[in-house]
Amino acid sequence: MAFVKSEKTPDRPAPLSERSVTGWMRKNLFNSWFNSILTVGTLLLIYFIVKGIWDWGFADATFMAENRRECFDNSLTGACWAGVIDWLDNIFYGRYPRDQIWRIHYGGLMLVLWMAPLWMERVKGKVLIAAGVVVFYPFLSGYLFAGGDKGVFMQLMVTGAVVALIANTANMITGLLKQESLKGFLLRVSGQTIAPDKTQRNILLAITGCAFAAAFIWQMNWRVDAVPWTKWGGLFLTMVISGIGIASSLPGGIILALGRRSKLTVIRVLCVSFIEVFRSVPLITVLFMATTMFPLFMDEGFVLNKLTQVIIAVVLFNACYMAETVRAGLQAIPKGQYEGAHTIGLGYWRMMGLVIMPQALKHMIPNIVGSFIGLLKDTTLVSIIGLFDILGMLRSISKDVPWLGLHKEPLIFGAMLFFILCFLMSKYSRYLEVKLSAGNRH
């Protein structure tokens, strides 16, 4: 019996990726008639939403026009982005003098330069870098933005900021090139690497003192034109308020949390009362109280401008919420960690700074960043008390005569800006969780 060999080529199996995608879709999207209808309906809904946004925001939109009437002449159904583009300077800088905007840019570049070493593996002393940003940068940038005459206190703080920035930059360079800290580099160059600790400390203090004196003499003749706080606005003002709030609320929250856990009754009661009072009222109430009641507690002749009052209120309000976050993190640390720190002879502050707080902060990263994101968004409430932050500027577009009645486009643009900022903060939070092994690795 003869067998005829079939010339038909056997079907080749689909690639693994194609089989996996097809299998996943059949298992999760089309495994029943109800899920199939739901999947098709959802896809159609997404299609119509995306198409509507595309047609309104891009295809039929107007990007170049002199006024809103020209937008209507070009398209009655599309967005009028020309008004937002025309107001971009005001959205970002408020009414800050246009010939002085370089000061804002310089302030941003200094902040980037100051904080860049925090993301460099070779650079050491990151705790001191972060402390320098929190303590000195607000004074240096504040004078750069506000200008005018400097009092003695401001001159000292600006000098300290200049010295800290130079030291931070030098520490970054030595870390990248020599893989050592600025302290170790200076001691090695001076030949005092094996000298006693007291001698090394005196040498570093002498170098710091000389640098401080030189910087103080240099900055005495440094003066920039005064720009009143009433000219500040837009995204610039939002970042100033939220930046100072973020930088100050975490240290303030840590202090309040430690005070709430203190064994001293007076300190504990004061901290608990302070936290509960601020957490029991909304932020807008705190802002109104700050702008009306702060002057009552000041000496006669001492005046705080409204921006300073708002910043103080925002810092105190968010420090109380941060205190509860920190307290929860401290309670999550096993009791054995405290006992172990006491066993090796550490005092209270060294135990908190070296053993307890670093562990607690790892677990608090998501909640801390969540509070920071909430703080960034809550700063829009200052527009209610007369400050023209980014929301105030976006709302002002609709009152400008050429763009009268333009509401949707500015608010959507502002929403996109806030989404980008909050998304970046969220992604960096996740990066820190993975880097510090605080998150779940998959």
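Student: So what exactly am I meant to see when it comes to the packing of helix α15 (residues 306-331) against helix α17 (residues 348-378) here?
Tutor: The packing of two helices is summarised by the inter-axis angle and the distance between the axes. Between α15 and α17, the least distance of the axes is 9 Å, while the angle of their chain directions is 140°. Here α15 is positioned oblique relative to α17, judged by the angle of their axes. The handedness of the crossing between α15 and α17 comes out as right-handed. Along its contact with α15, which presents V314, N318, M322, T325, V326, G329 and L330, the element α17 presents I356, M357, A360, M364, N367, I368, S371, F372 and L375. Split by residue class, the contact of α15 with α17 holds eleven nonpolar, five polar and no charged.

Student: What should I look at first to understand unusual backbone geometry in this one?
Tutor: For residues that are not glycine, phi is negative in most cases, and the peptide bond is trans in most cases. Backbone geometry at Q179 places phi at a positive 55°, although glycine is not the residue there. Take Q179: its relative accessible area is 47%, and that puts it in the partly exposed class.

Student: Help me understand the nonpolar core, please; the structure alone is not making it clear to me.
Tutor: Nonpolar side chains in soluble globular proteins tend to be buried together. Ranked by internal contacts, the top residues of the largest apolar core, which has 52 residues, are W232 and I241. Every element with two or more residues in this core is listed here: α6 (101-115), α12 (234-260), α13 (265-279), α14 (283-297), α15, α16 (335-343) and α17. For this core, the two domains that each supply at least three residues are domain 2 (88-96 + 229-399 + 407-442) and domain 3 (101-226). The contact partners of I241, leaving out residues within four places of it in the chain, are L307, V310, I311, V314, T379, V382 and L387. Counting residues in hydrophobic clusters, the runner-up holds 25 residues, among them A65, W87, I390 and W403.

Student: Looking at this structure, I do not really get the state of the cysteines. What am I missing?
Tutor: Each disulfide is one covalent bond, formed between the sulfur atoms of two cysteines. By the definition in use, this model includes one disulfide. Covalent S-S linkage joins C71 and C80, the inter-sulfur distance amounting to 2.0 Å. Here the S-S torsion is close to 50°, and the disulfide linking C71 with C80 is therefore right-handed. Exposure remark for C71: the relative accessible area of 4% places this residue in the buried category. The class of C80 is buried, set by a relative accessible area of 4%. Its sulfur unpaired, C271 is 9.5 Å from the next cysteine sulfur, which belongs to C320.

Student: I keep staring at the pattern of salt bridges and nothing clicks. Help me out?
Tutor: Between side chains of opposite charge, a pair can form when the charged atoms approach closely. With the rule as written, the count across this model stands at eight salt bridges. Among the ionic pairs, K51 bridges to D55, the shortest N-O distance being 2.9 Å. In this pair, K51 and D55 both sit in helix α2 (residues 33-59), four residues apart, roughly one turn of the helix. With relative accessibility at 38%, the residue K51 sits in the partly exposed group. Note on D55: relative accessible area 23%, which makes it partly exposed. Across the pair R260 and E324 runs a salt bridge whose closest N-O atoms are separated by 2.7 Å. Residue R260 is found in helix α12, and its partner E324 is found in helix α15; the two are separated by 64 residues along the sequence. For E324, a relative accessible area of 15% translates into the label buried. Salt bridges linked by common partners bring R260, E276, R279, E324 and R327 together as one network.

Student: Could you clarify how one ought to interpret the domain arrangement of the chain in this entry?
Tutor: Size of an interface: often given as the accessible area lost when the parts come together. In terms of domain boundaries, the chain breaks down into domain 1 (60-86), domain 2 (88-96 + 229-399 + 407-442) and domain 3 (101-226). A separation of 48 Å is found between the C-alpha centroids of domain 1 and domain 3.

Student: Is there a simple way to think about the layout of surface pockets in this case?
Tutor: Sizing a probe to match a water molecule and rolling it over the atoms shows the empty space that remains. Counted as a void, the second largest pocket has a volume near 950 Å³. In this structure, the second largest pocket is lined by 30 residues; those nearest its centre are L128, A167, N168, L182 and T208. Only α7 (126-135), α9 (152-178), α10 (182-189) and α11 (197-219) provide two or more residues apiece to the lining of the second largest pocket. The element best represented in the lining of the second largest pocket is α9, accounting for ten residues. Residue classes in the lining of the second largest pocket are distributed as 20 nonpolar, seven polar and three charged.

Definitions and cut-offs
Residues numbered from 1 in each chain as written. Predicted model: local features only at pLDDT ≥ 70, side-chain atom pairs only at ≥ 80, totals over all residues. Heavy atoms only, no water. Axes fitted to C-alpha atoms, helices over the stretch in contact; angles between N-to-C directions. Helix = DSSP H or I, 4+ residues; strand = E, 2+ residues; numbered from the N terminus. Parallel < 35°, antiparallel > 145°, perpendicular 65-115°, else oblique. Left-handed = near helix turned anticlockwise from the far one by under 90°. Contact = heavy atoms within 4.5 Å. Nonpolar A, V, L, I, M, F, W, Y, C, P; charged D, E, K, R; others polar. Buried < 20%, exposed > 50% of the residue type's maximum accessible area, 1.4 Å probe, protein only. Core = buried A, V, L, I, M, F, W, Y, C linked by side-chain atoms within 4.5 Å. Domains from an automatic or database assignment. Disulfide = S-S within 2.5 Å. Salt bridge = Lys/Arg side-chain N within 4 Å of Asp/Glu carboxyl O. 1 Å grid on protein atoms, 1.4 Å probe; cavity = no way out; pocket = protein on both sides within 12 Å on 5 of 7 lines; lining within 4 Å. Points joined across faces, edges and corners; volume = space filled by probe spheres on them.

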